[in-house]
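Analysis of the macromolecular model
The chain contents come next:
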Amino acid sequence: MNRITVITRNAALGPLDYRIDDEQQIAMGSLVRVPLGPRQIDGIVWDREMVEVNPVPDHKLRKIIAIADVPPISAPLRRLADWVSDYYVAPLPSILRMVMPSSYALDNARTITEYRANGVLPDRMTPKRAAALDAIADAEGTISELGRIGGVSEAVIRGLIKSGCFDAEQVSIDRPFDLPNPQFAQPKLNEYQAEAAYKMVEQVKAQKFACQMLDGVTGSGKTETYFEAVAEAFLQGKQVLILLPEIALTEPFLDRFEARFGVRPASWHSGMKSTQRRRTWHAIANGSAMALVGARSALFMPFTNLGLIIVDEAHEASFKQEDGVRYQARDTAIMRAMKENVPIILASATHAIETRYMAQLGKYETLTLPSRFGPAKMPSIKSVDLTSEPPERGRWIAPTLLKEIEQRLDMGEQSLLFLNRRGYAPLTLCRTCGTRIECPNCSSWMVEHRFTHRLACHHCGHAMPIPKNCPECDEQDSLVACGPGVERIADEVRDLFPDARTIVATSDTLYSQDRAAEFVRRVEAHEVDIIIGTQLVTKGYHFPDLTLVGIIDADLGLAGGDLRAAERTFQQISQAAGRAGRGAKHGEVYLQSHNPSNPVLQAIVAGDREGFYEQETLSRKSAGAPPFGRLAAIIISSEDEAEAISISRAIGAAAPKIDDLHIYGPAPAPLSMLRGRYRQRLLVQANRQIELQNILRSWIYALEWPRSVRVNIDIDPYNFM
Ligand SMILES: [Zn+2]
Ligand SMILES: [Zn+2]
């Protein structure tokens, strides 16, 4: 009899032992269905020596039910999952949920039925049916997907199918992806690009681990350059993984891929239909999809023949997962490349300090693209001192910037006004009693959204109509909006330039791939004169007629004062500034600030990237902050404030006494209430020699707390809120 160990997708379950028959062969990593009590669950056959199993006597072992007819999860991916579990102090099943996001692998169905509305109206039209048909429009999907899109139950959809309103279509889940053609459209590279491309191609040919930091100013043609390495991988018959920070909004990237390789790549993100996910997962697992473009979780896909990983915009904070398994996708991608023994390329104009430090140490190879591609030159950057040149009362754009916008309108060029704040106003205040309207679930202000006539909490999503009377003193029409958000800037622009065509670009307006594509089309077709946007517009867009960027509040990001405030401000403003002058026309950037002598802003104005990074690296070093020290946050939350405080004190009191290990707190987390839960935080700082994860495990997991309390460990935290 043979004993095997299975890890399931259920975080409450540890590794489980099962048996297979003597004559049965089973490979490590196989996907299996096993009995658990009266139920059947799915899992992966795991290397017994990697996990701690509660031994079950032979005679009690149950037999596995089925082995899936798909390639086993490879050893490199299994070792990656082990590493993530260990490093981020997360249960292995939570990671397997990303490796095997559902039971696709074990589904026997090779086709599924999808439906599409055919224009026929039901004999009996009800408001529900009408609304559902309206919402579904020409979307295609399974019954449950259409129910979700239409906002109705599956029964309503079934009724509509019976009435003949939908045509059925059999969709194969194995429908292959088109193969990319490495020679489809070969680019003309400049000398720097050609040299960097050559070095990347060499690594792909070598087929072993190497990390390259592609460091190129905005508009230097990083994508065309690393596409050469992608092409080489395709020539070798290898699969490629490209990670982007926000896949739902990167339609232009998929277009560029198609222009270079003749086909659209497979993609992987949270907005996908489950049928698409199933098809993509299988195609990656059986090696028939050659390229996958995805967000964070694509990192855990079961590639069989991976040859190259690319992390684009590698500095982006959105690569850090902030709930569930709190992993850093860039760091984890490097680990996957090591386990797979393949090269990885990190591309950015403003690399993270952590990445640059590794390059300095010589662990990553630096490839530099020092100039913009083609005729475009770097934009010139000036600051506008708001203390000596304030905007008019109740306005936010200073005279200098206004004059520049006006000139662009006269010349038929486009402007971008950047403010990293969604909504109309970040704060609503009562003129009579001074009350600020706060979210009932979180310790944060309600943000006014004038498009939707609502106040919204950006942390939990709570929304309410804007009250007419003050909720505190009941005074009528006493509430006023304080400070600007992008919608307010848009109002100001429309007021001052009534003939200009404006567009607001935020996650509220560009919430889907279609909306993002429409935005790009309108700007490219020059149907827009002025874009007002958040950091969303700073990502990878390339608008040749855009020659002016105005940073409305350059001080905004520096106010938080956390570990990465300076770096984040530098990155965001550099990225926003980088949208200016990407075509033949010269670009100009104006930074509005109350404190233009701030060293971060001075470095941006002077174009002194190296100087900024040197300063910032030094200050991280003297603070013992990453990458020079280790940092972890322990967040303790409960609906009962006293309970959150007492448990966090108990955890703090149980902290081990170790040299070079410092514990700060507990203190209320800066966002001390979130989604109705009170939050306390302990920060743990240690020098690099300390095995922080082991210490945390033996410290935290030796303790017990009531079920009403949640304790989350966040290794290398990004979010200091
Ligand atoms: Zn009031
Ligand atoms: Zn809230």
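Computed from a predicted structure; not experimentally measured. (Residues numbered from 1 in each chain as written. Chains lettered and ligands numbered in written order. Predicted model: local features only at pLDDT ≥ 70, side-chain atom pairs only at ≥ 80, totals over all residues. Heavy atoms only, no water.)

**Looking at the coordination of the zinc ion (ligand 1)**
Which entries qualify depends on this criterion: Note that water is not among the atoms used; donors are N, O and S atoms within 2.8 Å of the metal (3.2 Å for Na, K and Ca), so sites may look incomplete. Angular criteria define each label, namely tetrahedral for four donors with all angles between 85 and 135 degrees, square planar for four and octahedral for six donors with opposite donors over 155 degrees apart and remaining angles between 65 and 115, and irregular for whatever fails these tests.
In this structure, Cys-430 (SG), Cys-433 (SG), Cys-470 (SG) and Cys-473 (SG) serve as the protein donors to the zinc ion (ligand 1), at separations of 2.2 to 2.3 Å. Around the zinc ion (ligand 1) sit four donor atoms; with metal-centred angles ranging over 107 to 112°, the donor geometry is tetrahedral. Look at where the donors of the zinc ion (ligand 1) fall in the sequence and you get C-x2-C-x36-C-x2-C.

**Observations concerning the domain arrangement of the chain**
To keep things clear, this is the line we draw: By convention here, the domain bounds are inherited from an automatic or database domain assignment. What counts as buried area is the accessible surface, traced by a 1.4 Å probe, that two parts surrender upon association, with contributions from both included. Salt-bridge detection follows one rule: a side-chain nitrogen of Lys or Arg within 4 Å of a carboxyl oxygen of Asp or Glu. Contacts described as polar in this section are N or O atom pairs within 3.5 Å, which, within protein, must combine one atom able to donate a hydrogen with one able to accept it, while residues neighboring in sequence count only if both atoms come from side chains. Only DSSP runs of H or I reaching four residues or more are called helices, and only runs of E reaching two or more are called strands; each is numbered from the N terminus.
Domain annotation of the chain identifies domain 1 (2–74 + 92–106), domain 2 (111–172), domain 3 (191–369), domain 4 (380–421 + 484–617) and domain 5 (629–715). Between domain 2 and domain 3 lies a buried interface of about 390 Å² when both sides are counted; carbon and sulfur atoms form 44% of it. The largest share of the area that domain 2 buries against domain 3 comes from Ile-112, Glu-114 and Glu-145, three residues that together contribute 67% of it. In this assembly, domain 2 and domain 3 are joined by zero salt bridges. In this assembly, domain 2 and domain 3 are joined by zero residue pairs in polar contact (both at pLDDT 80 or more). Elements supplying a minimum of two residues to the side of domain 2 that touches domain 3: strand 6 (111–117) and strand 7 (140–141).

**Thoughts on the side chain of Glu-232**
Using the following cut-off: For every residue, the accessible area obtained with a 1.4 Å probe (protein chains only) is divided by the maximum for its type, and the residue is called buried under 20%, exposed over 50%, and partly exposed between those limits. Here the positive residues are Lys and Arg and the negative ones are Asp and Glu; neither His nor the chain ends is included. Throughout, a residue-residue contact means that at least one pair of heavy atoms, one from each residue, lies within 4.5 Å.
Turning to its location among the elements, Glu-232 is positioned in helix 7 (residues 222–235). Notably, Glu-232 is buried but unbridged: the nearest opposite-charge side chain belongs to Lys-205, and the N-O separation is 4.8 Å. Within the structure, the side chain of Glu-232 is placed 3.0 Å from the side chain of Gln-236, a separation counted as a polar contact. Apart from residues lying up to four places away in sequence, Glu-232 is in contact with Val-201, Val-204 and Lys-205.

**Comments concerning the coordination of the zinc ion (ligand 2)**
Protein-derived coordination of the zinc ion (ligand 2) comes from Cys-439 (SG), Cys-442 (SG), Cys-457 (SG) and Cys-460 (SG), at a distance range of 2.2 to 2.4 Å. Metal-centred angles of 104 to 114° between the four donor atoms at the zinc ion (ligand 2) mark the site as tetrahedral. In primary-sequence terms, the residues that donate to the zinc ion (ligand 2) follow C-x2-C-x14-C-x2-C. On the criterion of sequence distance, the pair formed by Cys-439 in the loop between strand 18 (427–430) and strand 19 (447–449) and Cys-460 in the loop between strand 20 (454–456) and strand 21 (463–465) is long-range, its members being 21 residues apart. Relative accessible area serves as the criterion here: at 4%, Cys-439 is assigned to the buried category.

**Focus: the sheet that holds strand 27 (residues 629–638)**
So the rule is basically this: A pair of strands is considered paired only if DSSP assigns at least 2 bridges between the two. Interaxial angles span 0 to 180 degrees and are taken between N-to-C directions of axes, which are lines fitted to C-alpha atoms, for helices over the stretch in contact.
With antiparallel pairing, four strands are arranged side by side in an open sheet as 28-29-27-30. Here the strands that pair on one side only, and so sit at the sheet edges, are strand 28 (661–674) and strand 30 (710–715). Pairs of neighbouring strands in the sheet enclose a mean axial angle of 20°, with direction left out of account. The pairing of strand 28 with strand 29 (residues 677–687) spans eight bridges and is classified as antiparallel. Paired with Ala-667 across the two strands is Arg-681, which belongs to strand 29. In the packing of helix 19 (residues 692–700) onto the sheet, the strands contacted are strand 27, strand 28, strand 29 and strand 30, and the crossing angle to strand 27 comes to about 25°.

**A closer look at the nonpolar core**
Let me state the cut-off plainly: Throughout this description, the term nonpolar core refers to a set of buried Ala, Val, Leu, Ile, Met, Phe, Trp, Tyr and Cys residues connected via side-chain atoms within 4.5 Å.
Counting residues in each nonpolar core, the largest one holds 80 residues, and the members touching the most others are Leu-241, Leu-292, Phe-300, Val-311, Ile-344, Ile-634 and Leu-696. The element best represented in this core is helix 1 (residues 75–87), accounting for six residues. Excluding residues that lie within four positions of it along the chain, Leu-241 makes contacts with Leu-292, Ala-298, Leu-299, Phe-303, Leu-306, Leu-308, Ile-309 and Ile-310. Counting residues in each nonpolar core, the second largest holds 34 residues, with Ile-573, Ala-576, Val-600 and Phe-612 among its members.

**Overview of the UniProt feature "binding site: Zn(2+) 2" (unreviewed entry) in the chain**
Rules: UniProt positions are given in the numbering used here, feature names are shortened, and annotations may be inferred rather than shown by experiment.
The positions that UniProt labels "binding site: Zn(2+) 2" (unreviewed entry) are, in the present scheme, Cys-439, Cys-442, Cys-457 and Cys-460. Spanning 22 residues, the named residues nonetheless gather at one spot, since no C-alpha pair among them exceeds 8.7 Å. Aside from chain neighbours lying at most four places away, what touches Cys-439 is Ser-444, Met-446, Cys-457, Cys-460 and His-462. In this structure, Cys-442 sits in the loop between strand 18 and strand 19. Taking relative accessible area as the criterion, Cys-442 reaches 1% and is therefore assigned buried.

**Regarding the packing of aromatic side chains**
Worth spelling out the cut-off: Pairing of aromatic rings covers Phe, Tyr and Trp, the last counted by its six-membered ring, and requires centre-to-centre distances within 6.5 Å; plane angles under 30 degrees mean stacked, over 60 mean edge-to-face, and any other angle means tilted. Consider the ring centre and the ring normal. A charge sits over the ring if Lys NZ or Arg CZ is within 6 Å of that centre and within 35 degrees of that normal.
Summed over all chains, the structure comprises 16 aromatic pairs. Both rings, one in Phe-227 and one in Phe-257, keep their centres 5.9 Å apart while their planes meet at 90°; by these two values the pair is edge-to-face. Taken as a pair, Phe-227 in helix 7 and Phe-257 in helix 8 (residues 251–261) lie far apart in primary sequence, 30 residues in all. Across the pair, exposure class does not vary: Phe-227 and Phe-257 are buried alike. What links up through ring pairs into an aromatic cluster is the set Tyr-226, Phe-227, Phe-234, Phe-253, Phe-257 and Phe-261. Over the ring of Phe-177 we find Arg-279; its NZ or CZ atom is 4.0 Å from the centre of that ring. The aromatic ring of Tyr-613 is capped on one face by Arg-356, whose charged end is 3.8 Å from the ring centroid.

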